[in-house]
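Geometric and topological summary
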Amino acid sequence: MNLLGTGTFGFVFGDTSTVAVKGFQNDADAYWWELRILGLLQDAQYIVHTTHDITFATRRFMVNKFECFYGMERAQMDLEVYVRTHLRPTRAVIWSVMEDMSRALMELKKHRIVHMDIKPSNILYFERTQTWKLCDFGCARETTKDSHYVRPGRGGYDGQSWVGTYEFQSPESLYACISMMKERLPPAFNAYLSDVYSLGTTCIWAMTRGKYWNEKRSSENRPIDIMQAMVRRAKQPREEHISFDDVAGDQLSRVLHTMVSFLPRERMEWTQHMV
């Protein structure tokens, strides 16, 4: 068995060329929560789907090692590996990632689900169909039919869901977590537009291999200090951020700047470009 990746909630192993297996160690709640979300998205085209085509040898290996596991489509690589094994993704590649992920976000919106952890390692490339798909719904949340607003610490499989990887999160989601860590009522935020922000920073990282507004290594150790530093950097003028305009070109640059606007309402224009 080849270990393909690790995450907060599980470990992913290779089974065959077309099947991967995700195992959950001592966390059955996370397993059932993710299967629930994937079940709601079973008709979505740009989401990595589950499969029962697991070999007997793999089943025996997973039963001995993990409390729960499930099979899923196996990709050739994720976006992080793609970037690190290529000199630099072309604009056409970045556009293809944005187009496929914008369709994935619309599929999530249709099913009233927000991902909450969009980052390079959660975007998988399927070479046969030349398609990018979204995976890992451990941080995902269900929303109401009338609103995509959420609060950290409410919802999720354990009632303690915060956000995913800090470096790709929106300022408003980090600020909400900071409020909760200070034992204040965290403000609700539009998680759909927060996912748009995360997709924007992911594409910028793919072009520059640098975080849009977290390029400096923080000297703080506590999560709350790290988050506060990130929010301060997010407020800085565009000139203080990583420059990607020359790499992206005019059209792509305009779309990306819209996606990573500090104010969520300014990201609404993104839908005119991509949806």
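Our structure's up above, just so we're on the same page.
1. A few points about the sheet that holds strand β9 (residues 131–134)
An order of β6-β8-β9 is seen for the three strands of this open sheet, with the pairing classed as antiparallel. Edge positions in the sheet fall to β6 (77–78) and β9, since each of these pairs with one other strand and no more. In terms of strand pairing, β6 meets strand β8 (residues 123–126) through two bridges, oriented antiparallel. The residue bridging M77 from the neighbouring strand is Y125, located in β8. Helix-sheet contacts for helix α4 (residues 91–110) involve β8 and β9, and the interaxial angle to β9 is about 40°.

2. A look at the environment of Y175
With respect to the helices and strands, Y175 occurs in helix α5 (residues 171–181). Classification of Y175 by relative accessible area gives partly exposed; the value is 45%. A C-alpha to C-alpha distance of 18 Å links Y175 and M259, two positions 84 residues apart in sequence. For Y175, the contacting residues outside a window of four places in its chain are P187 and V231.

3. Overview of the layout of surface pockets
Taking a probe equal in size to a water molecule and rolling it over the atoms shows the remaining empty space. In this model, the largest pocket occupies a volume close to 590 Å³. Every residue lining the largest pocket is counted, 31 residues in all, and those nearest its centre are G5, V12, D78, S121 and L124. When contributions to the lining of the largest pocket are tallied by element, the ones reaching two or more residues are β1 (2–6), β3 (19–24), α1 (28–40), β5 (68–73) and β6. Residues of the lining of the largest pocket, tallied by class, amount to 15 nonpolar, eight polar and eight charged.

4. With respect to the environment of N190
Examined against the element boundaries, N190 turns out to sit in strand β12 (residues 189–190). Along the chain, N190 and P89 lie 101 residues apart, while their C-alpha atoms are 30 Å from each other. Reaching out from N190, the side chain makes a polar contact with the backbone nitrogen of Y192 at a distance of 3.0 Å.

5. Observations concerning the packing of helix α6 (residues 191–208) against helix α9 (residues 250–259)
Their axes nearest at 8 Å, the elements α6 and α9 cross at an angle of 135°. As far as their axial angle goes, α9 and α6 are oblique. Between α6 and α9 the crossing geometry is left-handed. Between α6 and α9, the residues in contact are V196, Y197, L199, G200, C203, I204 and M207 and L252, L256 and M259, respectively. Classifying every residue of the contact of α6 with α9 by side-chain character gives nine nonpolar, one polar and no charged.

Procedures and definitions
Residues numbered from 1 in each chain as written. Predicted model: local features only at pLDDT ≥ 70, side-chain atom pairs only at ≥ 80, totals over all residues. Heavy atoms only, no water. Pairing = 2+ DSSP bridges. Helix = DSSP H or I, 4+ residues; strand = E, 2+ residues; numbered from the N terminus. Contact = heavy atoms within 4.5 Å. Axes fitted to C-alpha atoms, helices over the stretch in contact; angles between N-to-C directions. Buried < 20%, exposed > 50% of the residue type's maximum accessible area, 1.4 Å probe, protein only. 1 Å grid on protein atoms, 1.4 Å probe; cavity = no way out; pocket = protein on both sides within 12 Å on 5 of 7 lines; lining within 4 Å. Points joined across faces, edges and corners; volume = space filled by probe spheres on them. Nonpolar A, V, L, I, M, F, W, Y, C, P; charged D, E, K, R; others polar. Polar contact = N/O pair within 3.5 Å; in protein donor to acceptor, adjacent residues only side chain to side chain. Parallel < 35°, antiparallel > 145°, perpendicular 65-115°, else oblique. Left-handed = near helix turned anticlockwise from the far one by under 90°.

Honestly, that's just the spatial picture; any functional story needs more than this.
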